[in-house]
Amino acid sequence: MFEKVLIANRGEIALRIHRACREMGIKTVAVHSTADTHAMNVRLADETVCIGPPPARDSYLNVAAILSAATITGADAIHPGLGFLAENADFAAAVEEHGFVFIGPAPEHIRLMGDKIAAKAAAARLGIPTVPGSSTVRDLAAAEPAADAIGYPILIKAAAGGGGRGMKIARSRAELAQMLPLAQREAEAFFGHGEVYLERFLERPRHIEVQILGDGQGGVVHLGERDCSLQRTHQKVIEETPSPALGPDERDRIGALAVGAMRELGYRSAGTLEFLYQDREFFFIEMNTRLQVEHPISEMVSGVDIVREQLRIADGAALGYRQAEIRLSGHAIECRINAESPDDFRPSPGRVTDYHAPGGLGVRVDSALYQGYVVPPFYDSLISKLVIHGRSRSECLMRLRRALEEYVIGGIETTIPLHQRLVDARAFIDGDYDIHWLERFVGRNR
Ligand code: ADP
C-alpha cells in the first residue's frame, strides 16, 4: 500500500480523504493556497505545501505546483478529491507520466465521460437508455430541425458542462432562437468552449444516480442509488438513499444496467451514473468519474468506505467481493450546509465564532469547520455535510430534525434554517418531489 498520498483539494473533502488515509496508516500531504493556511485538513496533515495565492487557477488548479509538491514530499500517489482537477484527464495523465499513481479512473475514461455528447453516445452503445437529444448544434439552422425532431420543450446544454451551469430552456422555436446564443456565450464563459447540444426537457423527473466501484480487472459492484432531486439552480441540496420513488425491482434493474456497462468499459475506481427518472423510465444524463459530494449516504447504508476502496483499487487490488455480498441497510439523508443566507443564498464567508456539531447514534458530520476558523470568500460555499442514518426513513427524518436543531455555527449565515423548513415540508416528508419542487418551495417561502 502507498506510504504517502498527496491530497490535491481543500475543505471537507480533503479532510474526508485524510481520514481514510490515516485509518490505513498512510501519511498525507496537504497542498493549500495562502487562504487555507489554517484549514483543519492542513493542520491534521503529516506534511503541508503552500502552492499559491487564493485564486484556484493559481493554486488548486496549478498542475505544475501540485506535481512539484508531490516530488518534494516524495508522495506515491495523488488523490484529486472532487471539483478542481478531479475530472481533468490531462491532469490524471500528467500525474502518471511523472511517476505518481492517480487515485481515480483511467485518463481515457475521464476524457470520454467529460464530453457529455460522447458520454451519452457511449452509454447508448453500452445498452443504457439516454435522454432523447442531438449532437453538437453550431447555429440556429442546425438547432431548429434538431429541436423539431426531439420535440419541445428543449434544454440547451453545454457539451463541457458541469455544476448545472449554462443550461437554458426553450419552449418554442422563438425561444430557441433567443436562448441558443445566450447558452453558447455562457458555455464559452464557463467552460472555455461554446459547444452546446439539445435534449428533451423533462417536466417532472427525479434525479437518480447509481454509485459504482470498479477495479479495472472485471470486478464491478454498485452501492445502490441516491435520489438527488432536491436541487436549487440545478445544484443538489439534500440527497437520500434509497430513493422513496423506486421499488426493489427498479433498483436492481438500474443497478445491473450500470454494473454491466462499467464492466464492459473496464472502469476503475469510484464513479456515478446519473439518470433522470420519469414515468418509471430511466434516462442517462451523464457520468461523474470521481468521488461525489453525496458519497457518504451510500457509505452509511452499505458500510463500504468509498475512499478506502479508491485507495485499494489505485494500489492494484481487486475488489474482492461480489454484488451479492453488498447489503444495503436502512435509510440515509445528507443535508449540504452552505455558508450562505438561507433566504437569498448570498455567500456569507467570515469567522465562525461558535461551533457545536451534533452527534449521537446515526449522526455523521463531514466538515472542516472549527471555532475561530475563517471561511474564505474564494471557494465553493459548502462548509458541512450533515449525514444521518436510520433503520427506516421515518427514523432517519426524526434524527435529522433533532440534529439540525442541535447544530450551532455562529458568526456566519448558513443554510441550516432552510434545511429545517425542508424537513418539515409535507412533500419532503412524503418523499413526493421532483427536481423542480425545491425551487418552487424556496420561491413560496421568500
Ligand atoms: P451538470 O453536469 O451541469 O451537473 P447534468 O446533465 O448533470 O449537468 O444536469 C444537472 C441537473 O439539471 C439535473 O440533475 C437535472 O436537475 C437538470 N437536467 C439535466 N438535464 C435535464 C433534462 N433533459 N430535463 C430536465 N432537467 C434536466
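These notes cover the structure that comes with them. Every value quoted in this text rests on a predicted model; they were computed, and no experiment measured them. (Residues numbered from 1 in each chain as written. Predicted model: local features only at pLDDT ≥ 70, side-chain atom pairs only at ≥ 80, totals over all residues. Heavy atoms only, no water.)

An order of β14-β13-β10-β11-β12-β15-β20-β18 is seen for the eight strands of this open sheet, with the pairing classed as antiparallel. The open sheet has two edge strands with one neighbour each: β14 (281-288) and β18 (363-367). Ignoring which end each strand starts from, the neighbouring axes of this sheet average 25° apart. Here strand β15 (residues 331-338) pairs with strand β20 (residues 382-390) via eight bridges, running antiparallel. Counted as the bridge partner of I333 is I388 from β20. Against the sheet, helix α1 (residues 11-23) engages β18 and β20, with an angle of about 115° to β18. (Pairing = 2+ DSSP bridges. Helix = DSSP H or I, 4+ residues; strand = E, 2+ residues; numbered from the N terminus. Axes fitted to C-alpha atoms, helices over the stretch in contact; angles between N-to-C directions. Contact = heavy atoms within 4.5 Å.)

Quick look at helix α6 (residues 116-125) now. For α6, the complete set of buried residues consists of K116, I117, A119, K120, A122 and A123. For α6, the N-terminal capping position is held by D115, with its side-chain oxygen 3.1 Å away from the main-chain nitrogen of I117. Count one or two residues on from α6 and you reach G127, which has phi positive near 85°. (Buried < 20%, exposed > 50% of the residue type's maximum accessible area, 1.4 Å probe, protein only. Polar contact = N/O pair within 3.5 Å; in protein donor to acceptor, adjacent residues only side chain to side chain.)

What follows concerns the site of the ligand. Taken together, 22 residues lie near the ligand, and G164, R200, H207, Q231 and E286 sit nearest. For the ligand, an oxygen atom lies 2.8 Å from a polar atom in the side chain of H207. Note that an oxygen atom of the ligand is positioned 3.1 Å from one of the side-chain N or O atoms of E274. In the complex, the protein chains occlude 96% of the 550 Å² of accessible area that the ligand would expose alone. Taken together, the elements giving at least two residues each to the shell around the ligand come down to β7 (154-158), β9 (196-200), β13 (268-278) and β14. (Near = heavy atom within 4 Å. Areas by Shrake-Rupley, 256 points an atom, 1.4 Å probe, with all protein chains shown as cover.)

This next bit is on the sheet that holds β9. Strand order in the open sheet formed by four strands is β6-β9-β7-β8, and the pairing between neighbours is antiparallel. The sheet is open, and its two borders are formed by β6 (133-136) and β8 (168-170), each paired with just one other strand. Sheet twist, expressed as the average angle between the axes of neighbouring strands with direction ignored, equals 20°. Strand direction decides the pairing type here: β7 and β8, joined by three bridges, are antiparallel. Across the sheet, the residue bridging to I156 is K168, located in β8.

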